[in-house]
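Here is how the chains run, residue by residue.
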Amino acid sequence: MVTFFRKILGEVKQAESILAVQSAKKPSQPKEPTKRKIKDEPKKKAKKEVEKESAEAAEEEEAPKPKAKNPLDQTNFCEVVVKGFWDMYDPEGYSLWFCDYKYNDVNTVSFVTLNKVGGFLQWMDLARKYVFGKMLVIGSNPPFKVKGLWLFHRQEIPRFIIDECYDMELYDWCKVDITDEDQKERVNQMIEDHEPFEGQALLDAKCFK
C-alpha cells in the first residue's frame, strides 16, 4: 500500500513539472473553428459508440438467462435412488416386507390417520439401527389406506421388534418375493413415492431410517 501511494505521488509531481514547463512556453495560436469541429467529430462518434455499447450490455444483463438443467431432476433422481438400492441390497443378509393396515375402513379423518402412522414410527424407534421403512397414506378421500415397505436385518422380522412394538399386530405382514417382477416394481414405486400409487393419490409419505 505504501509503495502504491509513493508511485501515485511521483506521477502527480511529474505531471505538475510538465504543466509548469508548458505554461512557461509561448501560448499557441487559437485554432480555427472549422478545424476544431473536424477534430471534435471523431470524439463525438467514439462517445456515441461507447454509449451504444453500454446500453447493449445493460440490456444483456437485464435479459433473463435460462436456468441450467439439473442433471438430477425428479425422474433421474428416483432412478438413481432405486438403482442404488438394488445395487446395495443383500438378499441373504436382509429381507423386505410389505405391511398393510388391517383397519383401513376406520381411517375416515386424514389427520387421525397420519397420527396413527406417526405413533407406529415412534414405536419402531427402538429398532432404528436395524431397519429401514417407507409408510404411505393413500387416497384423496376417506377411507384412507395405510401401506408400508420395511427392510429388516436377516430373513425374518426380529423377535424383539414384534414383542416391543405393539402396533406391529395392527398390520398384515407379507415378505417380498424379489424374483416376482410385479412385487419388485411395487417396491420401486414405494421407495420413490410414485404417484398415483395403485391408482390412488398419495396423501402422505414418510421415510424411517
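Keep in mind that this is a model prediction, so the values were computed, not measured.

**Quick notes on helix 6 (residues 181–191)**
Every buried residue of helix 6 is listed here: Arg186, Val187, Asn188, Gln189, Met190 and Ile191. Backbone geometry just after helix 6 places Asp193 at a positive phi near 55°.

**Description of the side chain of Gln189**
Residue placement: Gln189 occurs in helix 6. Owing to a relative accessible area of 18%, Gln189 belongs among the buried residues under this scheme. Residue contacts for Gln189: discarding those within four places in its chain leaves His194 and Phe197.

**Structural notes on the nonpolar core**
Counting 21 residues, the largest nonpolar core has Phe120, Met124, Val131, Met135, Trp150, Phe152 and Ile161 as the members making the most contacts within it. Breaking this core down by element, the ones donating at least two residues are strand 1 (94–101), helix 4 (110–123), strand 2 (131–138) and strand 3 (145–153). When neighbours within four sequence positions are excluded, Phe152 is seen to be in contact with Gly93, Tyr94, Ser95, Trp97, Met124, Tyr130, Val131, Ile157, Pro158, Ile161 and Trp173. Ranked by size, the runner-up nonpolar core spans 16 residues in total, among them Tyr89, Leu136, Ile138 and Phe197.

**Some remarks on helix 4**
Compared with an ideal rise of 1.5 Å per residue, which puts 14 residues at 20 Å, helix 4 spans 20 Å between its outermost C-alpha atoms and is within 8% of the ideal. All of the buried residues along helix 4 are Thr113, Val117, Phe120 and Leu121. For helix 4, the arc enclosing every buried residue in end-on projection is 100°, short of the 170-degree limit, so these residues lie on one face. In this structure, helix 4 carries Phe111, Asn115 and Gln122 as exposed residues pointing more than 90 degrees from its buried face.

**Details of the environment of Val81**
In this structure, Val81 sits in helix 3 (residues 74–88). Note on Val81: relative accessible area 32%, which makes it partly exposed. Between the C-alpha atoms of Val81 and Glu192, which are 111 residues apart in sequence, the distance is 7.7 Å.

**Some points on the side chain of Asp167**
Inspection of the secondary structure assignment puts Asp167 in the loop between helix 5 (159–164) and strand 4 (171–175). Look at Asp167: it is buried, it has no salt bridge, and the nearest opposite charge is Lys116 at 9.8 Å. Those residues in contact with Asp167, other than ones at most four positions away along the chain, are Gly119, Phe120 and Trp123.

**Some thoughts on the packing of aromatic side chains**
Two descriptors summarise a pair of aromatic rings, namely the distance from one centre to the other and the angle between the planes of the rings. Applying the stated criterion across every chain, the model contains 13 aromatic pairs. Both rings, one in Phe85 and one in Tyr89, keep their centres 5.8 Å apart while their planes meet at 20°; by these two values the pair is stacked. Of the two residues examined, Phe85 and Tyr89, each falls in the buried class. Their ring planes at 80° and their centres at 6.0 Å tell us that Tyr130 and Phe160 sit as a pair that is edge-to-face. Taken as a pair, Tyr130 in the loop between helix 4 and strand 2 and Phe160 in helix 5 lie far apart in primary sequence, 30 residues in all. For Phe160, a relative accessible area of 34% puts it in the partly exposed group. Each member of the aromatic cluster is reached from another via a ring pair, and the members are Tyr101, Tyr103, Phe120, Trp150, Phe152, Tyr171, Trp173 and Phe208. The ring of Trp86 has Lys184 lying over it, and the distance from NZ or CZ to the ring centre is 4.7 Å. Looking at Arg186, its charged tip hangs above the ring of Phe98, at a distance of 4.4 Å from the centre.

**Overview of the sheet that holds strand 2**
Here we have five strands laid out as an open sheet, ordered 4-1-3-2-5, and antiparallel in their pairing. The sheet is open, and its two borders are formed by strand 4 and strand 5 (202–208), each paired with just one other strand. Here the average twist between neighbouring strands, direction ignored, is 15°. Two elements, strand 1 and strand 3, share seven bridges in a ladder whose sense is antiparallel. Note on strand 3: the bridge partner recorded for Cys99 is Gly148. On the sheet, helix 4 packs against strand 1, strand 2, strand 3, strand 4 and strand 5 and is oriented at approximately 170° with respect to strand 2.

Cut-off values and rules
Residues numbered from 1 in each chain as written. Predicted model: local features only at pLDDT ≥ 70, side-chain atom pairs only at ≥ 80, totals over all residues. Heavy atoms only, no water. Buried < 20%, exposed > 50% of the residue type's maximum accessible area, 1.4 Å probe, protein only. Helix = DSSP H or I, 4+ residues; strand = E, 2+ residues; numbered from the N terminus. Contact = heavy atoms within 4.5 Å. Core = buried A, V, L, I, M, F, W, Y, C linked by side-chain atoms within 4.5 Å. Expected span 1.5 Å × (residues − 1). Arc of directions from axis to C-beta. Lys, Arg positive; Asp, Glu negative; His and termini not counted. Salt bridge = Lys/Arg side-chain N within 4 Å of Asp/Glu carboxyl O. Phe/Tyr/Trp six-rings, centres within 6.5 Å; stacked < 30°, edge-to-face > 60°. Lys NZ or Arg CZ within 6 Å of the ring centre and 35° of its normal. Pairing = 2+ DSSP bridges. Axes fitted to C-alpha atoms, helices over the stretch in contact; angles between N-to-C directions.

Keep in mind these numbers describe shape, not what the thing actually does.
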